[in-house]
Amino acid sequence: MPFTYRQGVALYAESVRQILVNEATRRTPKAHVTIKYLAEDFATMFVNGLAGLRPDGTEDEGPGRFRGRHLARNGAVGELVLSSGPRLQEFTYLLACEVPALPPAPTLMPIAFPLPENITKGSKFRVTFASYSALARTHAYLGLERMLACEGSAWLPPKRWGEPLIVTEMDARGGRVNGDRVLWETLRPAQRRRLVAPDGGSMLLAVRSDGGPFTAWASVFERTSKRIAERFDPRFPHVHPHRLRHTFAMA
């Protein structure tokens, strides 16, 4: 038997008998297991909140309406993460050119979404999947808001990060970085945030208004959660980036 037992005494209806007692104990969960997921309605509410919309997806015209910047970026990345389930480091340091191409026609089938090994947990290459709608929203952000922020940007990484990695030629798999041919999959997060695109700006998927890399997703998610709870639904929880991964797993 795969368990340890000891002798015990059972008392029932004034009769006493000897029994075997299983000494196995129920495992206690690790701390991260307490992170919960978002139900479908809360997940939709969160993506709409990232985009500055009301919970039902309509424009917010109320007196306390939110008019923050980069709403297209936040909404697109939020939906992409909920659709495909990458970890915080994986979607923060994903390059714009590594986003899968959008199929020529809408499809209900999930679309393969490779994640480079040097930004994944344990440095293991893996493939997840994304929905067509999430990819379409991401490409809309790439083609307008992100393009306007990066085109002609004079952004360069700060000196404390190291020398700039200037990209002069590029494709989906790699590019010429400071004169040498480099595959994107070999670059780690610290190197990826130093990449400067040929037309200016960062190579990361998410950028700031000056074209520099944006990495403060925990802060954006926290502020959005707080705004939803204060204005629309007091039950709405604090959303840490890993909660979106759990939501994807449950879905």
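Structure: see above.
Below, the structure is looked at part by part. Note that the structure is predicted; figures quoted are calculated from it, not measured.

## Some thoughts on the overall build of the protein
Of regular secondary structure, the protein possesses eight helices and eight strands. Over its C-alpha trace the protein gives a radius of gyration of 24 Å, far above what one expects of a compact globule, namely 18 Å for 251 residues. Each principal axis of the C-alpha distribution contributes one length, and for the protein these read about 90 × 50 × 40 Å. The buried share of the protein, reckoned over its 251 residues, is 42%. Sequence-distant contacts, at least 24 apart, represent 62% of the contacts inside the protein between residues at least 6 apart. A total accessible area of about 14600 Å² is found for the protein, and carbon and sulfur atoms account for 56% of it. With 34 positive and 24 negative side-chain charges, the protein shows a separation of 6 Å between the mean positions of the two kinds.

## Section: the sheet that holds strand β5 (residues 165–170)
Across the sheet, four strands lie side by side as β7-β6-β5-β8; this open sheet has mixed pairing. Only two strands of the sheet have a single partner each, and these edge strands are β7 (180–183) and β8 (195–196). Both strand β6 (residues 174–177) and β7 contribute to a ladder of four bridges, which runs antiparallel. Each bridged residue has a counterpart across the sheet, and for Arg176 the counterpart in β7 is Arg181.

## Some words on the nonpolar core
With 38 residues, the main nonpolar core has Phe46, Leu205, Trp217, Phe221 and Leu244 as its most contacted residues. Contributions of two or more residues to this core are made by α1 (40–50), α2 (71–84), β3 (111–115), α4 (132–143), α5 (145–150) and α7 (217–231). In terms of residue count, the dominant contributor to this core is α1 (six residues). Residues Leu95, Ala197, Met203 and Leu204 belong to the second largest nonpolar core, which totals 14 residues.

Reading the values: rules and limits
- Residues numbered from 1 in each chain as written.
- Predicted model: local features only at pLDDT ≥ 70, side-chain atom pairs only at ≥ 80, totals over all residues.
- Heavy atoms only, no water.
- Helix = DSSP H or I, 4+ residues; strand = E, 2+ residues; numbered from the N terminus.
- Rg over C-alpha atoms; globule rule 2.2 N^0.38 Å.
- Buried < 20%, exposed > 50% of the residue type's maximum accessible area, 1.4 Å probe, protein only.
- Contact = heavy atoms within 4.5 Å.
- Areas by Shrake-Rupley, 256 points an atom, 1.4 Å probe, with all protein chains shown as cover.
- Lys, Arg positive; Asp, Glu negative; His and termini not counted.
- Charge placed at Lys NZ, Arg CZ, Asp CG, Glu CD.
- Pairing = 2+ DSSP bridges.
- Core = buried A, V, L, I, M, F, W, Y, C linked by side-chain atoms within 4.5 Å.

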